[in-house]
Amino acid sequence: MININGTLVDDSKATIHIANRGYTYGDALFETIRVNSEAILFWEDHYFRLMASMRILRMEIPLHFTMEFLQEEILKIIRQNNLSNSSARIKIIVNRKQGGLYTPDHNSVDYSISAIAIPAQFYTISESEPYEITLFKDHYAATDLLSTLKSTNKLIHVLGGIFAKENGFANAILLNANKNVIECLNGNLFLVRGNTIKTPPISDGCLKGVLRTQLLRILNKLDDYEVIEASISPFELQKADELFITNVITGIQPITKFRKKNYKAVISKKLVGVLNAAIRLEN
């Protein structure tokens, strides 16, 4: 079942109009959220990111779009799909209502919420599976505010994914117009060298990831590490001790190889434990 504007619809009957602006112009936003046994992880950060993104895109935020309302809409679809006692991947899509060409007739919105099951209740790291990545240089992301939003215009990520798949890589690193590293296809990138942990700043055009935000909060409270938000050149990657990717569904994904460099996952494993502990305390 899928929640469309508050109405539960069977998957086979959940369709959109040919003039849907998310389909015709990419005039839409989305949030991907992890729910564990009806506990919505990092819900406040997801909610405020969605609201801020809607304002940036000049969408009209309905008065009833409160945290409590959307939380209940998420739980409604969780329960309807019999996922109350397991983990689930939730996707909220908000699109401007149809009407107009490039210039919309109005700024009111529609929304949908879907849910699929995911296996583990907490974040884990595979000890055995290699995770080799590559650099995607065919296209570059802009260093502006729109690049930081989870909009449905993700062509660079799509083409990067095709490139990685065709060449036998698990993921690809994206660059901005200044040729600096910004993120991977499905999450933010962190670099570890000694006791320094570095990640690209939002101003370079990377996604303002919710797990990125959580991890930076955690790291800034730990005396063991120096945390830096600064531009990263591709040349720095091969000097790192570790590289890892973060997103709310997977948690932390260590990178095992980039070009000829193999990486450890010592800090990644420690941070997964710290992250899971923080989730337990939150819920």
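Residues numbered from 1 in each chain as written. Predicted model: local features only at pLDDT ≥ 70, side-chain atom pairs only at ≥ 80, totals over all residues. Heavy atoms only, no water.

Novice: Before we go on, may I ask you to explain the pattern of salt bridges in this structure?
Specialist: A pair can form between side chains of opposite charge whenever their charged atoms are brought close. Within this structure, the stated rule accounts for ten salt bridges. With a closest N to O distance of 2.7 Å, glutamate 229 and arginine 212 form a salt bridge. Placement of glutamate 229 in strand β12 (residues 226-229) and of arginine 212 in helix α5 (residues 210-220) is noted, with a sequence separation of 17 residues between them. A residue is classified by how much of its surface remains accessible, and glutamate 229, at 46% relative accessible area, is partly exposed. You can call arginine 212 buried: its relative accessible area is 4%. (Salt bridge = Lys/Arg side-chain N within 4 Å of Asp/Glu carboxyl O. Helix = DSSP H or I, 4+ residues; strand = E, 2+ residues; numbered from the N terminus. Buried < 20%, exposed > 50% of the residue type's maximum accessible area, 1.4 Å probe, protein only.)

Novice: Would you mind going over the sheet that holds strand β2 (residues 7-9) with me for this structure?
Specialist: Within a sheet, neighbouring strands are paired by backbone hydrogen bonds and run either parallel or antiparallel to one another. The strand order across the open sheet formed by six strands is β2-β1-β6-β5-β3-β4, and the pairing between neighbours is antiparallel. Edge positions in the open sheet fall to β2 and β4 (39-40), since each of these has one partner strand only. Here strand β5 (residues 87-96) runs beside strand β6 (residues 109-118); their pairing, made up of ten bridges, is antiparallel. Paired with isoleucine 93 across the two strands is serine 112, which belongs to β6. (Pairing = 2+ DSSP bridges.)

Novice: Would you mind going over the packing of aromatic side chains with me for this structure?
Specialist: How two aromatic rings sit relative to each other is set out by the distance from centre to centre and by the angle between their planes. In this structure the tally under the stated criterion is eight aromatic pairs. Ring geometry for phenylalanine 65 against phenylalanine 69: centres 6.1 Å apart, planes inclined by 25°, an arrangement best described as stacked. For phenylalanine 65, a relative accessible area of 4% corresponds to the buried category. Aromatic pair phenylalanine 69 and tyrosine 111: ring centres 6.4 Å apart, planes at 85°, arrangement edge-to-face. (Phe/Tyr/Trp six-rings, centres within 6.5 Å; stacked < 30°, edge-to-face > 60°.)

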